[in-house]
Amino acid sequence: MSNLPSQPTIAYLAQGKIRLKSGDAPPRSVESVYGNSIREKAIRAQQKHSWKGQGDSSPFAAAWGDKAMQGGEVPLIITSLCASKESGSLIYSLESGSLCALLEVRQLGAEEQRLWNDNNTRIRHVTVSKQTGDMVFSILHQNGTANIGVKRAGRSGYLELTEGDSFDTAPRWKSGDERFITYQSAGVGRNRDGHFLAFGPFTIQQLDTEVGEIATLVEVPGEDCLAPHVAPYGSLYYIQRPYVPHESPGFFSSIKNLLMFPFRLAHAIYNFLNFFSAIFSGRKLSTGGGAKAREMDMKQMMIWGNLVRSQKQGEVEDESADLVPKSWQLMRRSANGETTALASGVLAYDVGADGTVVYTNGNAVFLLHPDGRKQHIVNERMIEQVFLVSA
């Protein structure tokens with residue numbers, strides 16, 4: 001009989017799908033019942049109004065756009081995933097056109113309940129308090145900023161806790177003292193006209209929700225510090241990677257940039273609008289390219305402000321090869337201030353109550369056991385988030 005502990009249940013988000021790995025069983029997808037109902041209603045509405053030509057009287061046309069409706073496509077994007085307060089349950093956020101919703105999946109996918117929906121809010125990085133069931137998340141704004149928001153269990157609506165010209169994301173409740181929220185924050189760099197240029201380095205902040213005070217927990221010169229998680233025993237986990245600054249061009253580069261300015265300006269405007277269209281409507285401005293273009297979209301994703309691209313099939317023999325550089329390290333700072341690098345090539349992670357760490361490099365999922373043993377769990381392409389699910 002094996003002395004190895006049983007493998008925990010792991011949930012992860014890969015290529016827009018919720019995937020669940022329980023014990024030795026192969027991974028399976030958890031369908032979004034609410035998302036499927038949205039798609040079915042939209043298709044029925046499109047069919048009902050198709051005789052009117054453009055179908056502009058359909059209530060779904062404004063939300064998803066006439067082109068999407070005519071093509072029979074309804075964009076559904078699962079934007080974040082986390083474990084719920086209840087055992088065997090998950091919370092996820094979904095967007096479709098102007099609609100954003102929070103849903104809970106229970107009994108490992110057997111039941112689903114809609115918790116909240118809104119047509120004017122875009123949220124990311126949802127996590128749940130294990131003690132109260134309160135949710136904390138980041139709220140994206142169209143001016144390029146993001147704030148920390150909280151939705152209290154059993155209450156409607158939400159409250160924004162941070163403000164200013166910053167990008168505050170990836171919040172988590174502090175285990176053991178949930179008056180505190182830890183999160184990553186970066187200043188927003190703008191030009192003299194107020195247009196977005198770049199993010200500054202990410203630091204790790206802690207918000208005291210009772211008095212509204214914010215303290216810096218981790219700031220490393222020349223580095224981004226991301227995705228903080230304070231474990232029940234006091235250790236602080238986070239991802240550290242090199243910060244890539246917005247470089248000032250030299251003389252010859254400036255001349256070249258001046259000559260190329262009209263072309264680059266047009267290209268930049270298009271990409272800017274395309275980026276925010278993808279964030280806030282779930283659709284890009286360009287829909288050309290058919291299946292091939294959609295395939296390329298699935299091979300790239302935005303992670304912590306960086307566009308991460310999947311390597312072409314055949315370039316790497318090992319299908320579990322890191323999707324992000326080795327310089328993306330998972331760090332642990334103990335209660336006495338000692339900092340240790342636990343793993344490299346880490347894109348996302350979660351920490352269990354016993355100190356077990358699950359993490360992904362974007363193409364595979366691994367466990368780090370409290371005794372230091374590393375265990376490979378599964379390979380899958382383009383994994384964005386990963387969480388441990390309580391049994």
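Residues numbered from 1 in each chain as written. Predicted model: local features only at pLDDT ≥ 70, side-chain atom pairs only at ≥ 80, totals over all residues. Heavy atoms only, no water.

**Student:** Sorry if this is basic, but what is going on with the overall build of the protein here?
**Tutor:** The number of helices and strands found in the protein is 5 helices and 27 strands. In the protein, which comprises 391 residues, the share counted as buried stands at 45%. Long-range pairs, those at least 24 residues apart, make up 45% of the contacts in the protein between residues at least 6 apart in sequence. For the protein, the exposed area adds up to about 20,200 Å²; of that, 52% sits on carbon and sulfur atoms. (Helix = DSSP H or I, 4+ residues; strand = E, 2+ residues; numbered from the N terminus. Buried < 20%, exposed > 50% of the residue type's maximum accessible area, 1.4 Å probe, protein only. Contact = heavy atoms within 4.5 Å. Areas by Shrake-Rupley, 256 points an atom, 1.4 Å probe, with all protein chains shown as cover.)

**Student:** How do you make sense of the sheet that holds strand 17 (residues 223–230) when you look at a structure like this?
**Tutor:** Through backbone hydrogen bonds, the strands of a sheet pair up, either in parallel or in antiparallel fashion. Spatially, 4 strands are ordered 17-18-21-22 in an open sheet, and the strand pairing comes out antiparallel. With partners counted over all chains shown, the strands left at the sheet margins are strand 17 and strand 22 (339–344), one partner each. Taken over all neighbouring pairs, the strand axes of this sheet differ in orientation by 25° on average, direction set aside. Relative to strand 18 (residues 236–242), strand 17 runs antiparallel, the two sharing 6 bridges. Counted as the bridge partner of His-229 is Tyr-237 from strand 18. (Pairing = 2+ DSSP bridges. Axes fitted to C-alpha atoms, helices over the stretch in contact; angles between N-to-C directions.)

**Student:** What is the right way to read the pairing of strand 27 (residues 383–389) from this model?
**Tutor:** Regular strands have side chains that alternate between both faces of the sheet. In terms of burial, strand 27 is largely enclosed, as 6 of its 7 residues are buried. Pairing of strand 1 (residues 9–14) with strand 27, which is carried by 6 bridges, proceeds in the antiparallel orientation. If you follow Ala-14 over to strand 27, its bridge partner there is Ile-383.

**Student:** What should I look at first to understand the sheet that holds strand 7 (residues 111–118) in this one?
**Tutor:** One open sheet holds the 4 strands; their spatial order is 4-5-6-7, and the pairing between them is antiparallel. The strands lining the two open edges of the sheet, one partner per strand, are strand 4 (77–83) and strand 7. Taking each pair of neighbouring strands and ignoring which way they run, the sheet shows an average axis angle of 20°. Where strand 5 (residues 90–96) lies against strand 6 (residues 99–106), 7 bridges are found, and the strand directions are antiparallel. Looking at the pairing, Leu-94 lines up with Ala-101 of strand 6.

**Student:** Is there a simple way to think about the environment of Gly-212 in this case?
**Tutor:** Within the secondary structure layout, Gly-212 lies in the loop between strand 15 (203–208) and strand 16 (214–218). By relative accessible area, which is 52% here, Gly-212 ends up exposed. Each C-alpha atom, one on Gly-212 and one on Thr-162, is 8.8 Å from the other, the two residues being 50 residues apart in sequence.

**Student:** I tried to follow the packing of aromatic side chains on my own but got confused; where do I start?
**Tutor:** Remark: the centre distance and the inter-plane angle together describe each pair of aromatic rings, the angle taken between the planes. For the structure shown, the criterion picks out 6 aromatic pairs. Plain terms: the ring middles of Tyr-359 and Phe-366 are 5.3 Å apart, the flat faces sit at 25° to each other, and that makes the pair stacked. Summarising the burial analysis for this pair, Tyr-359 and Phe-366 share the class buried. When the ring centre of Phe-180 is taken as origin, the NZ or CZ atom of Lys-174, which lies over that ring, is 5.2 Å away. A cation over a ring is seen here: Arg-241 above Trp-328, with NZ or CZ 4.8 Å from the ring centre. (Phe/Tyr/Trp six-rings, centres within 6.5 Å; stacked < 30°, edge-to-face > 60°. Lys NZ or Arg CZ within 6 Å of the ring centre and 35° of its normal.)

**Student:** Is there a simple way to explain the pattern of salt bridges in this structure?
**Tutor:** Two side chains bearing opposite charge may form a pair once their charged atoms approach each other closely. Within this structure, the stated rule accounts for 12 salt bridges. Arg-19 is paired through a salt bridge with Glu-380; the nearest N and O atoms lie 2.9 Å apart. One end of the pair, Arg-19, is in strand 2 (residues 17–21); the other, Glu-380, is in the loop between strand 26 (374–379) and strand 27, with 361 residues separating them in the sequence. Both residues of the pair, Arg-19 and Glu-380, count as buried. The shortest N-O distance in the salt bridge between Arg-106 and Glu-104 comes to 3.4 Å. Taking the relative accessible area as the measure of exposure, Arg-106 reaches 30% and is therefore partly exposed. Each of Glu-95, Arg-122 and Arg-124 takes part in a single network of salt bridges with overlapping partners. (Salt bridge = Lys/Arg side-chain N within 4 Å of Asp/Glu carboxyl O.)

**Student:** What's the story with the nonpolar core in this structure? I'm lost.
**Tutor:** The tendency in soluble globular proteins is for nonpolar side chains to be buried as a group. Grouped together as the largest cluster of nonpolar side chains are 20 residues, with contacts concentrated most on Tyr-237, Ile-239, Val-346, Tyr-349, Val-351, Val-357 and Tyr-359. Elements supplying a minimum of two residues to this core: strand 17, strand 18, strand 23 (348–351), strand 24 (357–360) and strand 25 (364–368). The element that contributes the greatest number of residues to this core is strand 25, accounting for 3 residues. If we ignore the near neighbours within four places in the chain, the residues touching Val-357 are Tyr-237, Leu-330, Asp-350, Val-351, Phe-366, Leu-367 and Leu-368. Counting 19 residues, the second largest nonpolar core, distinct from the first, contains Leu-20, Tyr-34, Ala-101 and Leu-103. (Core = buried A, V, L, I, M, F, W, Y, C linked by side-chain atoms within 4.5 Å.)

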